[in-house]
Structures are given as C-alpha cells and as structure tokens.
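Topology and contacts: notes
Chain by chain, the residues:
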Amino acid sequence: MNVYWTDTAQEHLNAIHAYIAQDSLDYALRMVDRLTRRSQQISDFPLSGRRVPEYEMDQIREVLEGAYRIIYHIKLDQIDVLAVVHSARNVLHSREETD
C-alpha cells in the first residue's frame, strides 16, 4: 500500500530537522532519514502500529522512532502520515493550538 506524507507531517519533519540541526546537521539528516524510512514498515504492515490512545479509531495508528510518534491514517487505498510529534507532546493539545 502506498504511503503519503501530508503537508502537516512534512512540516513537522522540517521543524524536527531545523531544531536538531542547530546542534548537528549530520544528526538532523540521520533522524529525518530514520523517520521517513518507517514508511516501509507502515506500507508493508499497516496494522503493526498501535492505536493512538488519544483517538478511538482503529484506522488511526502510530509507530515510534526514537522519541517521535509517527501518526498515520489507514484508508482503503492508501496510508496518510498525519503527524510526526515528540512523544512528550499531547497530540490533542497540539491540534487545538493550530486550529
């Protein structure tokens, strides 16, 4: 199944890169690479991620990579990566700030 990164998720990756690059450009590139490579697992095994606790929907799941949560939505014909957030952040609270 194809995995698509939403504009929001891509913005999150850019922000993660910019933040980490303040200390190490090399580590920032490696972290973004690790995060994006998780798309293969999501593509091959969409149900391998756990249900996102903040939502009560089986089709919204997440996988962890380091300190980050990759949150995605399983659709009939594709998977959309919705967000990449630090595990210390509350997903619902983060959404309210952007609305």
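Residues numbered from 1 in each chain as written. Predicted model: local features only at pLDDT ≥ 70, side-chain atom pairs only at ≥ 80, totals over all residues. Heavy atoms only, no water.

Another aspect to go through is the nonpolar core. One finds W5, L35, I70, V81 and V84 to be the most contacted residues of the largest nonpolar core, which totals 19 residues. Only β1 (2-5), α1 (7-21), α2 (25-44), β4 (68-74) and β5 (78-86) provide two or more residues apiece to this core. Considering every element that reaches this core, the biggest residue donor is α2, with 5 residues. Leaving out residues up to four positions away in the same chain, I70 has contacts with W5, L35, R38, I42, R61, E62, V63, E65, V81, A83 and V84. In this structure, Y55, I71, A83 and V85 belong to the second largest nonpolar core, which totals 6 residues. (Core = buried A, V, L, I, M, F, W, Y, C linked by side-chain atoms within 4.5 Å. Buried < 20%, exposed > 50% of the residue type's maximum accessible area, 1.4 Å probe, protein only. Helix = DSSP H or I, 4+ residues; strand = E, 2+ residues; numbered from the N terminus. Contact = heavy atoms within 4.5 Å.)

On to the sheet that holds strand β3 (residues 60-65), then. Read from one edge to the other, the open sheet built from 5 strands follows the order β1-β5-β4-β3-β2, with strand pairing classed as mixed. In the strand order of this sheet, the two ends are held by β1 and β2 (50-51), each with one partner. Here β1 runs beside β5; their pairing, made up of 4 bridges, is parallel. Bridged to W5 within β5 is V81. Of the strands in this sheet, β1, β4 and β5 are in contact with α1, which crosses β5 at around 35°. Relative to the sheet, α2 contacts β1, β3, β4 and β5, its axis offset from that of β3 by approximately 135°. (Pairing = 2+ DSSP bridges. Axes fitted to C-alpha atoms, helices over the stretch in contact; angles between N-to-C directions.)

With that out of the way, let us pick up the environment of Q59. Its place among the elements puts Q59 in the loop between β2 and β3. Classification of Q59 as partly exposed rests on a relative accessible area of 32%. C-alpha of Q59 to C-alpha of G49: the two residues are 10 residues apart in sequence and 10.0 Å apart in space. Not counting residues within four places of it along the chain, the set of residues in contact with Q59 comprises Y72, H73 and I74.

Moving on, we come to α2. With 20 residues, α2 should reach 28 Å at 1.5 Å per residue; the first-to-last C-alpha distance of 30 Å fits that figure. Buried residues of α2: A28, M31, V32, L35, R38, S39, I42 and S43, and no others. Buried residues of α2 fall within an arc of 155° about the axis and therefore sit on the same side. Against the buried residues of α2 lie β1, α1, β3, β4 and β5. (Expected span 1.5 Å × (residues − 1). Arc of directions from axis to C-beta.)

Glancing now at the pattern of salt bridges. Counted by the stated rule, this structure contains 9 salt bridges. Note that R37 and D33 form a salt bridge whose closest N and O atoms lie 3.0 Å from each other. Here R37 and its partner D33 are both found in helix α2, 4 residues apart, which amounts to about one turn of the helix. Across the pair E62 and R50 runs a salt bridge, and its minimum N-O distance is 2.5 Å. Here the residue E62 occupies a position in strand β3, and R50 occupies one in strand β2, the gap between them amounting to 12 residues. For R50, a relative accessible area of 46% translates into the label partly exposed. (Salt bridge = Lys/Arg side-chain N within 4 Å of Asp/Glu carboxyl O.)

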